[in-house]
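Geometric and topological summary
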Amino acid sequence: MAPVPPALPRPAVPGPARRHGGRLPGYGPELEGFDYPHPVRYFAFESQGQALKMAYMDVQPAEPNGHTLVLLHGKNFCAATWEDSIDALTKAGYRVVAPDQIGFCKSSKPQHYQYSFQQLAANTRELLESIGLERYSLMGHSMGGMLATRFALLYPGRLERLILVNPIGLEDWKALGVPYRTVDQWYAHELRTSAEGIRDYQLGTYYAGQWRPEFDRWVKMQAGLFQGRGKERVAWNSALTYDMIYTQPVYYEFEQLKVPTLLLIGEKDNTAIGKDAAPAELRPRLGDYPRLSREAAGRIPKATLQTFADLGHSPQIQAPERFHEALLQQLAKPAE
């Protein structure tokens, strides 16, 4: 591995700087020690000359309605963070499959991997085929929204619906002037991940300044992964996937989406990759989700936009009852 440059400062974010209470657990490089809400299974496969495994949950409803939702996590999230969504959807009769992508959470973290949204989409399709799924709806949150969009562009015949929950990638940060960071710079940045920094960032971005004790579980999950044994491998894969996000926009292809698409957007979101490194005059214009979501909905041919004016980047966690009521109402409508 190339020498690591000096670490960059963590992003400055709104919200009070409050230290995370309690002793932080250190999890293994595949999130060993952190319990998921449902049994975890593994899909073993070969990719780029390596033996890899994808962790996933496959949760069956008590009374099936004949439909399946596949849930794709975001950059700082895991399949476990879909916990409330899995419960709401299975109660409504949906089978739910929630994988951890390669490089994340309980899945393999290779030393070298050519990360692309195309590759992750192909991995996901292989997993779904291995458990007998041919048609399903796809719901992606944050980075998972970029991946879900790429999946829909590659495999439109597989999907009943596409659901995007506060997806990132609604703008092209590089084209707007956000400076490029090398993988080594991202690696140094990620090695400095702390529970306090995670909490402050989540407070200002995910939850619109409103913290509740149940959110601490997700701080511990992310911080424990980055500070446990194998933290260097975790940080390295995180750096590689940041490079993927920055350099592989889906922004220019929204018009090519062929499947009915639902956008569920918390309008207090302000996420933009690399915003902390952007010129001061540019930062206020980045991550403007009220504007970006409306522009995206106008460009996607079969789009429906539903917004939550007071919620942040993770509406499904911040206000699960409201979010899932809206989601299930939309799913009850015929896909057009």
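A few points on the structure. Everything quoted here is computed from the prediction, not taken from an experiment.

1. Topic: the overall build of the protein chain
Scanning the protein chain for helices and strands turns up eleven helices and eight strands. Seen through its principal axes, the protein chain has C-alpha atoms that stretch 55 × 45 × 40 Å. When each of the 336 residues of the protein chain is scored for burial, the buried share is 57%. Within the protein chain, counting contacts between residues at least 6 apart in sequence, those at least 24 apart form 79% of the total. Taken as a whole, the protein chain presents about 13,400 Å² of accessible surface, with 49% of it coming from carbon and sulfur.

2. Comments concerning the packing of helix α5 (residues 183–191) against helix α8 (residues 231–247)
Viewed as axis vectors pointing N to C, α5 and α8 meet at an angle of 130 degrees, and their least axial separation amounts to 8 Å. As far as their axial angle goes, α8 and α5 are oblique. The crossing of α5 and α8 is right-handed. Mapping the contact onto sequence places Val183, Asp184, Trp186, Tyr187, Glu190 and Leu191 in α5 and Lys231, Glu232, Ala235, Trp236, Ser238, Ala239, Leu240, Tyr242 and Asp243 in α8. In terms of residue class, the contact of α5 with α8 is made up of nine nonpolar, one polar and five charged.

3. Points about the packing of aromatic side chains
In this description, an aromatic ring pair is defined by two values, namely the gap between the centres and the angle between the planes. Applying the stated rule across the entire model yields 19 aromatic pairs. For the pair Tyr201 and Tyr206, a centre-to-centre distance of 5.7 Å together with 80 degrees between the ring planes defines the contact as edge-to-face. Their ring planes at 85 degrees and their centres at 5.0 Å tell us that Tyr251 and Tyr252 sit as a pair that is edge-to-face. Relative accessible area serves as the criterion here: at 24%, Tyr251 is assigned to the partly exposed category. Every member of this aromatic cluster is reached through a ring pair, and the members are Phe77, Tyr201, Tyr206, Tyr207, Trp211 and Phe215. Over the ring of Tyr42 we find Lys53, and its NZ or CZ is 4.6 Å from the ring centre. In this structure, Arg199 is placed above the aromatic ring of Trp211, and the distance from its NZ or CZ to the ring centre is 4.1 Å.

4. Section: the sheet that holds strand β8 (residues 303–308)
Spatial ordering of the open sheet is given by β1-β2-β4-β3-β5-β6-β7-β8, a layout of eight strands whose pairing is mixed. Each of the sheet's edge strands pairs with one partner strand only, and the pair in question is β1 (41–47) and β8. Sheet twist, expressed as the mean angle between neighbouring strand axes with direction ignored, is 20 degrees. The pairing of β1 with strand β2 (residues 50–59) spans seven bridges and is antiparallel. Across the sheet, residue Phe43 finds its bridge partner in β2, namely Met54. Strands in contact with helix α3 (residues 143–154) are β3 (68–72), β5 (136–141) and β6 (159–165); relative to β5, the strand with the most contacts, it is inclined by about 145 degrees.

5. Section: the layout of surface pockets
The computed volume of the second largest pocket comes to approximately 240 Å³. Arg161, Pro260, Thr304, Gln330 and Pro334 are, among the 14 residues lining the second largest pocket, the residues nearest its centre. Of all the elements in the fold, those that place two or more residues in the lining of the second largest pocket are β6, β7 (261–266) and β8. By residue number, the principal contributor to the lining of the second largest pocket is β6, which donates three residues. Here the lining of the second largest pocket is composed, by residue class, of seven nonpolar, three polar and four charged.

6. Examining the side chain of Arg158
Position of Arg158 relative to the elements: it lies in the loop between α3 and β6. In contact with Arg158, other than residues within four places in its own chain, are Arg125, Glu129, Leu133, Glu134, Arg135, Tyr136 and Phe151.

The rules we used
- Every chain's residues receive numbers from 1 upward, in the order its sequence appears when written.
- The predicted origin of the model limits local features to residues at a pLDDT of at least 70 and limits the giving and counting of side-chain atom pairs to 80 or more, whereas totals for whole chains, interfaces and linings rest on all residues.
- The basis for the side-chain values is all heavy atoms of the structure; hydrogens and waters are excluded.
- Note on conventions: DSSP H or I runs of at least 4 residues are helices, E runs of at least 2 residues are strands, and numbering of each starts at the N terminus.
- With a 1.4 Å probe rolled over the protein chains alone, any residue whose accessible area is under 20% of its type maximum counts as buried; one over 50% counts as exposed, and the rest are partly exposed.
- Contacts are residue-level and defined by heavy atoms, with any inter-residue pair within 4.5 Å sufficient.
- The accessible surface values rely on the Shrake-Rupley method and a 1.4 Å probe; as for residues, cover is taken only from the protein chains in view.
- All axes here are fitted lines through C-alpha atoms, helices being fitted over the stretch that makes contact, and every angle between N-to-C directions spans 0 to 180 degrees.
- Any angle from 65 to 115 degrees is called roughly perpendicular, while one under 35 is roughly parallel, one over 145 is roughly antiparallel, and all others are oblique.
- Two helices crossing with the near one rotated counterclockwise from the far one by less than a right angle form a left-handed crossing, whereas a clockwise rotation gives a right-handed crossing.
- When residues are sorted by character, Ala, Val, Leu, Ile, Met, Phe, Trp, Tyr, Cys and Pro go into the nonpolar class, Asp, Glu, Lys and Arg into the charged class, and all the rest, Gly among them, into the polar class.
- Aromatic rings from Phe, Tyr and Trp, taking only the six-membered ring of Trp, are treated as a pair when their centres fall within 6.5 Å; an angle between ring planes under 30 degrees marks them as stacked, one over 60 as edge-to-face, and anything in between as tilted.
- Working rule: Lys NZ or Arg CZ, within 6 Å of ring centre, within 35 degrees of ring normal, means a charge sits over the ring.
- Whether two strands pair depends on DSSP finding at least two bridges between them.
- Site definitions follow a grid-based scheme: protein atoms alone, a 1 Å grid, a 1.4 Å probe that fits but cannot get out for cavities, and for pockets an open set with protein on both sides within 12 Å along at least five of seven lines, plus lining residues having an atom within 4 Å of a point.
- Grid points are joined across faces, edges and corners, and a volume is the space filled by probe spheres set on the points.

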